[in-house]
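What follows is each chain in one-letter form.
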Amino acid sequence: MIIVTSGHVDHGKTSLLNALTGTHTAHLPEEKRRGLTIDLGYAYLPIEDRVIGFIDVPGHQRFLSNMLAGLGGIQHALLVVAADEGIKPQTEEHLTILNLLNFKQIIVVLTKSDRASAEQIFQLSNQLRQRYPFLANSPFFVTSTETQTGIDELKEHLIELSQELQPLHKPFRYAIDRVFNVKGAGLVVTGTAVAGKVHIGDEFFLSNGKKVRVKNIHAQNQPSAVGLAGQRLALNIANAEKDEIQRGDWITQLEPQTTDRIAVKLTAASELKESNMIHLYHYASHITGKLNLLDRKQTDRFGESLAEVIFDQPLPCVVGDKLIIRNGDDSQTVAGAVILEINAPKRHKRSEVRLAYLATLAKGEDYRDRIDVQLQQQAVNLPQLLWNEQIFITDLEALAEQSDYFLSANHLFNLTYKQQIQQRIIEKIRHYHEQHSDQLGVTKNRLHRIAALEQPESVVLALIDELLGTQQLAQTRGWVHTPEHRIEFSAEELHIWAEIRPLFAATNQALWVRDIANQLSMDETQMRNLLYKAGKLGYLVPIVKDRFLLHEQISEFAQLIKQFIAEHGEISVNQLRDEIGYGRKLTVQLIEYFDRSGLLRRKGNVHLLRDAQTY
């Protein structure tokens, strides 16, 4: 467990922690010389089988940004106020920040009680509660490091707090604030474990996606085989160099995903206009960006609103993360925020439907509530969902078993969505048959485009396959149609087709309409109509106008091309020509047909595989 201390300069934070833990957190020579904490200091209080960690954050205005970095994922705070001096500017600044970050509990510690009268202490306590209503239920402790007054009582309260459960069941997530090399050990990072647990030997991701291995762990300033959420950790890592990591980076169990646009629930510390340039603090990261209000033109002081934040550089943040927002010149704290949505949309962001959706998201108490809201509108990408909510796939599998949810095609969706999309697919293919009664059907990929283009292709194709499996749709030689739909050769056409097919079987070449008509002494127009009908029935494929190959031949060529690309990564016209023995002109026509049909895509002078499911 980690507790942050805050308060005005020289109000006794460092001395208080020294009395509680025996550690002097002003650890830098310059700090000791000046008697001022200018960077984050750390102290630890061992108690039975656990350790309480303290972050002593700077109290001087000049070093406020360091203080903000220390508050990221911590739930409890000590607010230190000197009994003889009372509320000072930095006291107010820090209280604003603690309030905006929505701390679970703010413990008020009145220090230097040996320098103040009982009346002064009583009046200061009342003044704090009256001026800051959110302190109404906060515990107050009166202490003196000179006389040891109140130190034991405060320590007992902190020990009680340390028994709270930490979010260990979540994927490991660790915010880095320092990076350095240690002789004989190698690269070491320090920071706060926000969630989950880490063991020696674990391999996790850096923010840049690179995997690193944990060689050793110091948890709360002691060697350990495991590091837990809520602890201050030093991790000795391998497979990375110092210049690859910087303050504000992360080590995460899930592969990291970044975003540059989020939706938030905002609590304003002052009146904000509709659009604002901002400085933003997220754990140890400090970046700039833009804040846009979504549901109003201007905020009220300490009023809540919905907003979007656009980052000037992407961040690996997740739903539920807290942010501190300062004005454009970083001189004043203007708001706090909690993230509601990652990768917020760019369009229609102020529509009634959109604002109602965000308001409902904001009411969700955990990931189950938020997922239920999201699935009312869409199928959700699984890797993105796991990252956004910081949950394991087993959590979603368990949730799907208890709900009308489906895990398919790397997405999660509900029964209503599934039924709506499948109904639309059936309606669209019936409409297609009405408009094109002479066509056998459409390919799966084209059916996706005409029925549900805005939906993930993999999901729609999976739902088409299910309709085929339950015989609500049928498939003939690759063409999808309703089970009752038929186009057939007449008896006369069937007789002519019996003469045509051997001509294709006798050669592996593509045949022209005119040549077949001449060979069978038939009218060219009549032959053209029959061959195109054979194409609709799935027997033939026109690779260019009036030039055909058997469907089986096309399938064989497609398999050959896919195998060649699997071995070589790409294929050119000359390579395909050498493989199939065609002339260059016919090879060009064939490979361009595969480009049009979606099997391949051209890149310069070579062709790459676009859709392995085609053919």
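Residues numbered from 1 in each chain as written. Predicted model: local features only at pLDDT ≥ 70, side-chain atom pairs only at ≥ 80, totals over all residues. Heavy atoms only, no water.

## Details of the overall build of the protein chain
This is how it is decided: Helical segments are the DSSP runs of H or I of at least four residues, strand segments are the runs of E of at least two, and each set is numbered from the N terminus. Radius of gyration means the value over C-alpha atoms here, while the globule rule gives 2.2 Å times the residue count to the 0.38 power. The buried label applies to any residue whose accessible area, calculated with a 1.4 Å probe on protein chains only, is under 20% of its type's maximum; exposed applies above 50%, and partly exposed to all values in between. When checking whether two residues touch, look at their non-hydrogen atoms; a contact exists if any pair is within 4.5 Å.
Across its full length, the protein chain holds 19 helices and 31 strands. For a compact globule of 615 residues, the expected C-alpha radius of gyration is about 25 Å, and the protein chain comes in at 34 Å, more than 25% above that figure. Judged by the C-alpha coordinates and their principal axes, the protein chain covers about 120 × 55 × 45 Å. Counting over 615 residues, the protein chain shows a buried share of 53%. Looking at the protein chain alone, contacts between residues at least 24 apart form 65% of all its contacts between residues at least 6 apart.

## Structural notes on the packing of aromatic side chains
Under the convention used in this document: Working definition: rings of Phe, Tyr and Trp (its six-membered ring) pair if their centres are within 6.5 Å, and the pair is stacked with planes under 30 degrees apart, edge-to-face with planes over 60 apart, and tilted otherwise.
Scanning all chains against the criterion turns up twelve aromatic pairs. Ring centres of F406 and F413 lie 5.9 Å apart, and the angle between their planes is 20 degrees; this geometry places the pair in the stacked category. Note on F406: relative accessible area 30%, which makes it partly exposed. On the accessibility criterion, F413 (2% relative accessible area) is buried.

## A short note on the sheet that holds strand β28 (residues 540-544)
Short version of the rule: Strand pairing follows a simple DSSP-based rule, namely that at least 2 bridges must link the two strands. Interaxial angle, 0 to 180 degrees, is taken between N-to-C directions of lines fitted to C-alpha atoms, where a helix line uses only the stretch in contact.
In spatial order, the strands read β27-β29-β28; together these three strands make up an open sheet with antiparallel pairing. Only two strands of the sheet have a single neighbouring strand rather than two, namely β27 (511-512) and β28. Note that β27 and strand β29 (residues 547-550) share two bridges and pair antiparallel. Residue pairing across strands places W512 opposite R547, the latter belonging to β29. Of the strands in this sheet, β28 and β29 touch helix α17 (residues 551-568), which is tilted by about 75 degrees from β29. Running at roughly 110 degrees to β28, helix α19 (residues 584-597) makes contact with β28 and β29 of the sheet.

## A look at the confidence of the model for the protein chain
Let me state the cut-off plainly: Per-residue confidence from the prediction method is given by pLDDT, with values spanning 0 to 100.
When the pLDDT values of the protein chain are averaged, the result is 88; 92% of them are 70 or greater. The secondary-structure element of the protein chain with the lowest mean pLDDT is helix α2 (residues 29-34), recorded at 40, while strand β10 (residues 203-206) shows the highest, at 98. Predicted confidence for residues 27-40 stays below pLDDT 50, and this span has 37 contacts to residues more than four positions away or in other chains. In the predicted structure, residues 60-64 sits below a pLDDT of 50 and forms 13 contacts with residues beyond four places in sequence or in another chain.

## What to know about the nonpolar core
The condition is simple: Only buried residues count toward a nonpolar core. Its members are Ala, Val, Leu, Ile, Met, Phe, Trp, Tyr and Cys residues joined through side-chain atoms within 4.5 Å.
Grouped together as the largest cluster of nonpolar side chains are 27 residues, with contacts concentrated most on F103, L110, L128 and L135. Elements that contribute at least two residues to this core include exactly β1 (2-7), β4 (76-82), α4 (89-100), β5 (105-111) and α5 (118-131). When residues of this core are assigned to their parent elements, the largest contribution, four residues, is made by α4. If near-sequence neighbours (up to four positions away) are discounted, L135 is found in contact with L95, I106, V108, L128, R129 and F140. Grouped together as the second largest cluster of nonpolar side chains are 23 residues, I287, V309, L323 and A335 included.

## As for the side chain of R261
Residue placement: R261 occurs in strand β16 (residues 259-268). Once you skip the residues sitting within four places of it in the chain, R261 turns out to touch E308, V309, I310, I342, N343, A344, P345, K346 and K349.

## Observations regarding helix α16 (residues 524-536)
Our working definition: Helices are assigned an expected span. That span is 1.5 Å times one less than the residue count. Starting at the helix axis, one direction is taken to each C-beta atom, and the arc is that of these directions. The definition of a polar contact used here is a pair of N or O atoms within 3.5 Å, where within protein one atom must be able to donate a hydrogen and the other to accept one, and adjacent residues in sequence count solely through side-chain atom pairs.
Over its 13 residues, α16 runs 18 Å from end to end, which matches the ideal 18 Å to within 8%, given 1.5 Å per residue. Along α16, the positions that sit buried rather than exposed are M527, L530, L531, A534 and G535. End-on view of α16: buried residues confined to an arc of 150 degrees, all on one side of the axis. Contacts from the buried residues of α16 go to β26 (479-481), α14 (491-505), α15 (513-519), β28 and β29. Measuring from the backbone nitrogen of T525 back to the side-chain oxygen at the start of α16 gives 3.1 Å, which picks out D523 as the cap. Phi turns positive one or two residues past the end of α16, at G538, with a value near 90 degrees.

## A look at the environment of L600
Within the fold, L600 resides in strand β30 (residues 600-603). Separated by 39 residues in the primary sequence, L600 and I561 have C-alpha atoms spaced 9.2 Å apart. In contact with L600, not counting residues within four places along its chain, are I561, I565, I591, F594, D595, H607, L608, L609 and R610.

## Concerning the sheet that holds strand β17 (residues 275-282)
The strand order around the closed barrel built from six strands is β16-β19-β18-β17-β20-β21, with neighbouring strands paired in antiparallel fashion. If you compare each strand with its neighbour and ignore which way they point, the axes differ by 40 degrees on average. Bridge count between β17 and strand β18 (residues 285-293): eight bridges; the pairing is antiparallel. Within β18, the position partnered with H279 by the bridge is T288. Relative to the sheet, helix α7 (residues 352-363) contacts β16, β19 (304-315) and β21 (333-342), its axis offset from that of β21 by approximately 95 degrees.

## Concerning the pairing of strand β23 (residues 405-408)
Sheet analysis places β23 next to strand β24 (residues 411-414), joined by four bridges and oriented antiparallel. In the strand pairing of β24, F406 is matched with F413. Linking β23 back to β24 in an antiparallel pair, the connection comprises two residues, with A409 at a positive phi of about 55 degrees.

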